[in-house]
Amino acid sequence: MNKGVIFIISGPSGSGKDTLMVELFKKCPEIKFSISSITRAMRVGEVEGVKYNFISKEQFEQMIKEDKLLEYNSYVGNYYGTPRKPVEDEIEKGNNILIEVDVNGAAQIKEKMPEAVSMFIMPPSFEELERRLSGRGTESEELIRKRMQSSLDEIKRASEYDYIIVNDDIATAVDDIISVMRSCQLRQEKQKHIIEEVLEKC
Ligand code: ADP
Ligand code: 5GP
């Protein structure tokens, strides 16, 4: 059986990652999602165990000590990390899994698993990014300023990614993500069984 594919999604805060992922999972419910462990406070509307497990700094540092994280990073004063086991279990079972991480996390995963396929969600412009982040209304002015600084650093590293998805129109961006995913499934190394099956019956 083929192993599943790891898809990495990154992009500056406010670029629309969550919005696109909600639409993506409606269209492709079979894709698994890696739930991150994080130490930031829960936002209004967030639910424990859906996108994130909200844990303490001490619990997070224990996970680092026990090598339970595939990658982790500190972002605007909080830890964010990807638990290793659920990702390894899903790809062993042949399932594709989506991991949302920042650029440092993506680089760590690519180093350990170069076969992972990475996508960077690009806003149409920096001004639009600021509009979306402010418009979301989840962060204070001070945090928005810090996130915009971090966004600039992330956009400068977008060329490290395999694919750039521009999120101008939501439906188009979701279709672009699905196209990347489909093309990965069609790669010859994923289709070996078909070649063998056809040849066997010759
Ligand atoms: P992220 O997960 O990358 O931080 P969000 O998905 O929370 O970003 O999106 C930030 C804000 O921008 C939200 O208010 C969302 O509704 C809005 N948004 C997302 N995509 C678009 C788009 N293509 N056009 C206009 N607004 C968008
Ligand atoms: P937010 O606080 O807006 O939910 O996320 C802030 C940043 O952390 C985003 O860039 C997001 O992609 C990133 N992030 C989310 N989960 C992880 C993770 O598990 N690891 C790393 N390195 N970054 C993450």
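Let me begin by describing the structure that accompanies this report. Treat the numbers as computed from the prediction; the structure is a model and nothing was measured.

Taken together, 17 residues sit near ligand 2, with Ser36, Arg40, Tyr52, Tyr80 and Glu100 positioned nearest. Measuring from an oxygen atom of ligand 2, one finds a side-chain N or O atom of Tyr52 at 2.5 Å. At a separation of 3.4 Å, an oxygen atom of ligand 2 approaches a polar side-chain atom of Thr82. Here ligand 2 loses 98% of its free accessible area of 520 Å² to cover by the protein chains. Listing elements by their share of the shell around ligand 2, those giving two or more residues are β5 (69–75) and β6 (78–83). Residue classes in the shell around ligand 2 are distributed as four nonpolar, six polar and seven charged.

With that settled, consider the site of ligand 1. As a structural note, the neighbourhood of ligand 1 is formed by 13 residues, with Gly14, Lys17, Thr19, Arg136 and Asp168 the closest of them. Ser15 is positioned with one of its backbone polar atoms (N or O) 3.3 Å from an oxygen atom of ligand 1. Between ligand 1 and Lys17, the relevant distance is 2.8 Å, taken from an oxygen atom to a side-chain nitrogen or oxygen of the residue. Contact with the protein chains covers 76% of the free accessible surface of ligand 1, which is 570 Å². Contributions of two or more residues to the shell around ligand 1 are made by α1 (17–27) and α5 (126–136). For the shell around ligand 1, the element with the highest residue contribution is α1, accounting for three residues. Of the residues belonging to the shell around ligand 1, the class tally is two nonpolar, six polar and five charged.

The next subject is the pattern of salt bridges. Summed over the entire model, instances satisfying the criterion amount to 23 salt bridges. Across the pair Glu88 and Arg84 runs a salt bridge, and its minimum N-O distance is 3.9 Å. Highlighted residues: Glu88 and Arg84, both in helix α3 (residues 84–92), separated by four residues, approximately one helical turn. Ionic pairing is found between Glu128 and Arg132, a salt bridge with its closest N-O pair at 2.8 Å. In this pair, Glu128 and Arg132 both sit in helix α5, four residues apart, roughly one turn of the helix. Residues joined by salt bridges that share partners form a network here, namely Arg40, Arg43, Glu46, Arg136, Glu139 and Arg147.

The next thing to look at is the packing of α5 against helix α6 (residues 141–156). It is the contact of α5 with α6, at a shortest axis distance of 11 Å, that shows an interaxial angle of 145°. Regarding α5 and α6, the two cross each other, and that crossing is right-handed. Contacts between α5 and α6 involve Phe126, Leu129, Glu130, Leu133, Ser134 and Arg136 from the former and Ile144, Arg147, Met148, Ser151, Leu152 and Ile155 from the latter. Of the residues belonging to the contact of α5 with α6, the class tally is seven nonpolar, two polar and three charged.

Basis of the calculations
Residues numbered from 1 in each chain as written. Chains lettered and ligands numbered in written order. Predicted model: local features only at pLDDT ≥ 70, side-chain atom pairs only at ≥ 80, totals over all residues. Heavy atoms only, no water. Near = heavy atom within 4 Å. Polar contact = N/O pair within 3.5 Å; in protein donor to acceptor, adjacent residues only side chain to side chain. Areas by Shrake-Rupley, 256 points an atom, 1.4 Å probe, with all protein chains shown as cover. Helix = DSSP H or I, 4+ residues; strand = E, 2+ residues; numbered from the N terminus. Nonpolar A, V, L, I, M, F, W, Y, C, P; charged D, E, K, R; others polar. Salt bridge = Lys/Arg side-chain N within 4 Å of Asp/Glu carboxyl O. Axes fitted to C-alpha atoms, helices over the stretch in contact; angles between N-to-C directions. Left-handed = near helix turned anticlockwise from the far one by under 90°. Contact = heavy atoms within 4.5 Å.

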